[in-house]
Amino acid sequence: MKPSIEKLAEKGFLFSALLSASITILIFSFMVFFSFPLFKGGDIAAFFTLEWNPCEGGFGIVPMMVGTGIIASLALLIATPFGIGCSALISVFSTGYFGRFLRKVVEFMTGIPTVIYGFIAIFLLVPFIREIFKKGTGMCVLSASIMLALLILPTIILFISDAFNSVPKNYLDAADSLGATPVQKLVYVIIPSAWKGIISALVLAAGRAVGDTLISLMIAGNALQIPRGLSDAARTLTAHIALIIASDYESPEFKSIFVCGLILFFFTTLIILVLRLLGYFKILRNR
Amino acid sequence: MKNIKIRINDLNFFYKKKPVLKGLKGEVEEKAITTIIGPSGVGKTTFLMVLNRLCESIPDCSVEGKVEIKLDGRYIDINSLPLTTLRKKVGIVFQVPNPLPMSIFKNIAFPLKLSGVKDREYIKEKVEQALKDAFLWDEVKARLNDSALELSGGQQQRLCIARAMIMQPEVLLLDEPTSSLDMEAALKITELLKSLKEKCTLIVVSHYTSLTRKISDNVLTLKDGCLEISENSKIVEGLGTVN
Amino acid sequence: MNRFVEYQIKLFCWISGVVLIGAIGILLAFLFNKGISSLNLSLIFGETRLLDGLLLKTEVVDGLFPAIIGTLLLIITSIIWAIPIGVAAGIYLAEYCNIKWKPVFNLMLDVLAGIPSILVGLFGFAVSVFLHKHLSEHIYPCFLISSLALACLVLPYIIRTTEQSLVNLPFSIKTTGLALGASRLQNILFILIPYNLSRIISGIILAIGRCAEDTAVIMLTGVVAMAGIPNSLLSQYEALPFYIFYISSDYNSQEELMKGFGACIILLSICVFLFALSHILKRRAVMRFTTHT
């Protein structure tokens, strides 16, 4: 092949790589660009207040930040024990029929679109929760957290069970030969050995939980308040962005969503950096 | 007076900053079979890969020193030749046969395709000739379009030799070509190598078995990063079969 | 640890598994129960006749057809952007990239992969606002912007799959071509890519699945509830996931609600099919690795 074609091809590949990498930078720039007037005007402090009342000039997004925090944390709280339990089941206790079936179900779950989880939840879970609390519409923090937990479970389970399976076989053999029961093996050998993988899975799931839009948009109630209980409705940063998008272009209301975007961007970058420290990406690249 | 095909002077090879070949010096006779023996892990495969600069594909490697090959009567530094040209002049066959996932015909014709040869008749002729040279033609002539992966180990190795020979290289490097084969297949390969001697210079890395003893013209021992010429008799007495 | 505690732990694990399967089972049963009755041609084509609707002679106003076509067109255009750039970038990272720059590229692409989809949608929206102000008054969030934004969303998947498939090859495969005198480009085009085609395609299918199911991005970049089939790149359009979302908050009758469930079943089938296909191709690629010694 002519050397000129080779050089051209190499330049083409480089260009594609640069283009892809620059998208990240572009996203960041646009967020900054659109929120910049606010930084300049010194109004930025106004964003971190509690009142969201556009008509009266209140653009505090703290309720949304709290909403995101509470719903995501609760979802993680619910999902983690079940996630570890299911992973343990798949990798340790039931490597036969049931375990394989469970894994297939979990893999199937990764293919379910988020909007469908939300849709079904509205007509199945929400009335149920409404009955339990006997007040409100049922669209609240609890409903959203439960569905969000279901959404992030596959990520947690698949990743943790991979981590469990990567424990070096000689550790397991050593435990077996000393007469350990499966539970003892799990608690004393497997979990300590795979702790990095477990934390990575949870961090990854946290990222997904914070970044998800539809579940909280459809079932958290979108109320502009700081939720004080499980049955209170709340709004997340992501849902807020989706809801406000219909406004006009110049109002501070509109610019507030870019500040939300910036916050989400920083949070994502933080998660990525934490995952890097945990060596998550090394594991992923060696698969 | 022997004709020398390859001259090596002060060759140093470092893997991950540790020296593997140190100040290597040697000469390889033209149109002869030179066998290189030595303890396991001493760097024989590495040495072969320096000769066709395949070592540059291994990460964490560095090479210093001069290797010259005689082309058209002149000695040329291999670093001054374009990589693709060098590799067409210096072919290599590995320990484990590596046929490409294509038909037998396409495998052999592949180097021609790389060079941009398009004439179908010419390609067919060359493929047939290469297969004949590799003692494989009779066994595969009826199934040239079958996948090469379906051949037996010995046949795959002969296919790799045919594929390496089609560009009529001046040097053929072979890294323990018979170690993954059974006795009968190994015998066939050894006979094949003897016949190839008249076409090109052969460098074979091998265990010094009875087979290689029969066909080798020269034997070099690679020890402690250096090459030593061994007299046939010395081998039989001192080292025996090296594993 | 005494036996009682051990028993508790084991029991808990089994309960987790059963609860999970039960939850999904209930969800799916509920979905099919409600939606199966509305799965007929009128769900898709409404009052228009099948052939008229298919050949675009009459506009379908009360069926899912425009939404399905919208989703299909969206997928096709998005991957038209994403595949060439993604595969080329993956090749660059695997074969040509300087060791010094790799961590930078990796960081950028990892962040891109982790960015919430709503943020990508917001980016698309911001781009359209920017173009509206500075380029042409006619540019609003539209089909083109959506497909570009979706391409940005799925680009990391394709890049990662391509890069990993090329990097995790045994040394013998990587160098066979080179040893025969192939140039780097020839090696990539004639040997490495064809060898890894299954893996690369599996990554592309995963990207397609992602395009089909995404709602957040398209919500911010041009999808609407009622628009018919898009007749230009700059027009607005409908899509299946958005239809489902819209129906959930704004349905006027039981019948419409049932249509929503029907739409769910259709979307679910498409996505599950695509993910399963991607899975199968990856398995086949792995098998090929192990049989080729």
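So, how was this worked out
Residues numbered from 1 in each chain as written. Chains lettered and ligands numbered in written order. Predicted model: local features only at pLDDT ≥ 70, side-chain atom pairs only at ≥ 80, totals over all residues. Helix = DSSP H or I, 4+ residues; strand = E, 2+ residues; numbered from the N terminus. Rg over C-alpha atoms; globule rule 2.2 N^0.38 Å. Buried ≥ 20, exposed ≤ 12 C-beta atoms within 10 Å, placed from the backbone. Contact = placed C-beta atoms within 7 Å. Axes fitted to C-alpha atoms, helices over the stretch in contact; angles between N-to-C directions. Parallel < 35°, antiparallel > 145°, perpendicular 65-115°, else oblique. Left-handed = near helix turned anticlockwise from the far one by under 90°. Nonpolar A, V, L, I, M, F, W, Y, C, P; charged D, E, K, R; others polar. Core = buried A, V, L, I, M, F, W, Y, C linked by C-beta atoms within 7 Å. Domains from an automatic or database assignment. Pairing = 2+ DSSP bridges. pLDDT = per-residue confidence, 0-100. Expected span 1.5 Å × (residues − 1). Bend = angle between axes of the 7 residues up to and from the residue.

### Regarding the overall build of chain B
Broken down by element type, chain B carries nine helices and 10 strands. For chain B, the C-alpha radius of gyration of 18 Å lies close to 18 Å, the compact-globule estimate for 243 residues. For chain B, the spread of C-alpha atoms along the principal axes amounts to about 50 × 40 × 40 Å. By residue count, 41% of the 243 residues in chain B fall in the buried class. Summarising the internal contacts of chain B: among those between residues at least 6 apart in sequence, 73% fall at separations of at least 24.

### So, the overall build of chain C
If you tally the helices and strands in chain C, you get 13 helices and zero strands. Along the chain direction, N to C, the helices and strands of chain C fall in the order α-α-α-α-α-α-α-α-α-α-α-α-α. Expressed along its principal axes, the backbone C-alpha trace of chain C runs to roughly 70 × 65 × 40 Å. Each of the 293 residues in chain C was classed as buried or not, and the buried ones make up 51%. Across chain C, the fraction of contacts at a sequence separation of at least 24, relative to all contacts at a separation of at least 6, is 75%.

### Points about the interface of chain C and chain A
Chain C puts 67 residues into the contact, and the matching count from chain A is 65 residues. Element by element, the count of residues in the side of chain C that touches chain A is highest for helix α1 (residues 3-35) of chain C, at 16 residues.

### Let's talk about the packing of helix α7 (residues 169-177) of chain A against helix α8 (residues 182-193) of chain A
All names here are of chain A. It is at 11 Å that the axes of α7 and α8 come closest, and there the two elements cross at 165°. Accordingly, the angle class assigned to the pair α7 and α8 is roughly antiparallel. The way α7 lies across α8 gives a crossing that is right-handed. Here α7 contributes Y171, L172 and A175 to the contact with α8, which in turn contributes K185, V189 and S193.

### Things to note about the interface of chain C and chain B
Listed per partner, the contact involves 15 residues of chain C and 18 residues of chain B. Those elements that place two or more of their residues in the side of chain C that touches chain B are α8 (171-179) and α9 (184-195) of chain C. Here the side of chain C that touches chain B takes six residues from α8(C), the largest share from any one element. Taken together, the residues that form the side of chain C that touches chain B break down as six nonpolar, eight polar and one charged.

### Regarding the nonpolar core
By size, the foremost hydrophobic cluster in this structure holds 249 residues, and its most contacted members are M147(A) and I244(C). When residues of this core are assigned to their parent elements, the largest contribution, 18 residues, is made by helix α6 (residues 141-165) of chain A. In terms of domain composition, this core takes at least three residues from each of domain 1 (3-42) and domain 2 (45-285) of chain A. Those residues in contact with I244(C) that sit more than four places away from it in its chain are V115(A), I116(A), F119(A), G260(C), A263(C), C264(C) and L267(C).

### Examining the sheet that holds strand β4 (residues 61-71) of chain B
Residues and elements named next belong to chain B. In space, the four strands of this open sheet follow the order β2-β1-β4-β5, with antiparallel pairing throughout. Looking at strand neighbours, the two that pair on one side only are β2 (18-29) and β5 (74-77), the edges of this open sheet. Pairwise comparison of adjacent strand axes, ignoring direction, gives a mean angle of 10° for this sheet. Here eight bridges tie strand β1 (residues 4-15) to β2, and the two strands are oriented antiparallel to one another. When the sheet's bridge partners are listed, I8 is paired in β2 with G26.

### Quick look at the environment of L233(C)
Residue and element names in this part refer to chain C. Relative to the assigned elements, L233 resides in the loop between α11 (216-220) and α12 (240-249). Spatially, the C-alpha atoms of L233 and I188 are 35 Å apart, while their sequence positions differ by 45 residues. Residues contacting L233, with those up to four places away along its chain left out, are F143 and L144.

### Describing the environment of K174(C)
For K174(C), the position within the fold is in helix α8. For the pair formed by K174(C) and L234(C), sequence separation is 60 residues and the distance between their alpha carbons is 45 Å. Filtering out sequence-adjacent residues up to four positions away, K174(C) remains in contact with S57(B) and L169(C).

### Brief notes about the packing of α6(A) against helix α9 (residues 195-211) of chain A
Residue and element names in this part refer to chain A. Where α6 meets α9, the closest approach of the two axes is 9 Å, and the angle between their N-to-C directions is 155°. As far as their axial angle goes, α9 and α6 are roughly antiparallel. When you trace α6 past α9, the crossing you get is right-handed. On the side of α6, the interface is formed by L148, I152, T155, I156, F159, I160 and A163, while α9 contributes G197, I198, S200, A201, L202, L204, A205, R208 and A209.

### Quick look at the arrangement of the chains
For the two pairs of chains in contact, the largest share of contacts goes to chains A and C. No part of chain A reaches chain B; the closest C-alpha pair between them is 7 Å apart.

### As for unusual backbone geometry
Non-glycine residue N222(A) carries a positive phi angle of around 55°. On the secondary structure map, N222(A) appears in the loop between α10 (214-219) and α11 (237-244). Residue E176(B) is not a glycine yet carries a positive backbone phi of 45°. When you line up the elements, E176(B) lands in the loop between β7 (171-175) and α7 (183-196). C-beta crowding within 10 Å serves as the criterion here: with 18 such atoms nearby, E176(B) is assigned to the partly exposed category.

### Points about the pairing of β1(B)
Residues and elements named next belong to chain B. Adjacent in sequence and paired antiparallel, β1 and β2 are bridged by two residues, among which K16 carries a positive phi angle near 50°. Direction of pairing for β1 relative to β4: antiparallel, over a ladder of eight bridges. Note that in β4 the partner of I6 across the bridge is I69.

### Some thoughts on the confidence of the model for chain B
In the predicted model, chain B carries a mean pLDDT of 84, and 93% of its residues have values of at least 70. Scored below 50 in pLDDT, residues 233-243 of chain B shows 13 contacts in the model against residues more than four places distant or in partner chains.

### Description of the pairing of β5(B)
Residues and elements named next belong to chain B. Bridge count for β4 against β5 is four bridges, and the pairing is antiparallel. In the strand pairing of β5, E68 is matched with D77. Where β4 hands over to β5, the hairpin turn is made up of two residues, of which D72 adopts a positive phi near 50°.

### Regarding helix α4 (residues 65-96) of chain C
Residues and elements named next belong to chain C. End to end, α4 covers 45 Å across 32 residues, agreeing with the expected 46 Å (1.5 Å per residue, within 8%). For α4, the principal kink sits at A82 and spans about 30°; a proline, P84, occurs within the next four residues. With 23 of 32 residues buried, α4 lies mostly within the body of the structure.

### Things to note about the environment of S62(B)
Residue and element names in this part refer to chain B. Inspection of the secondary structure puts S62 in strand β4. Using a count of 12 C-beta atoms within 10 Å as the deciding quantity, one classes S62 as exposed. As for S62 and V140, which are separated by 78 residues in sequence, their C-alpha atoms are 41 Å apart.

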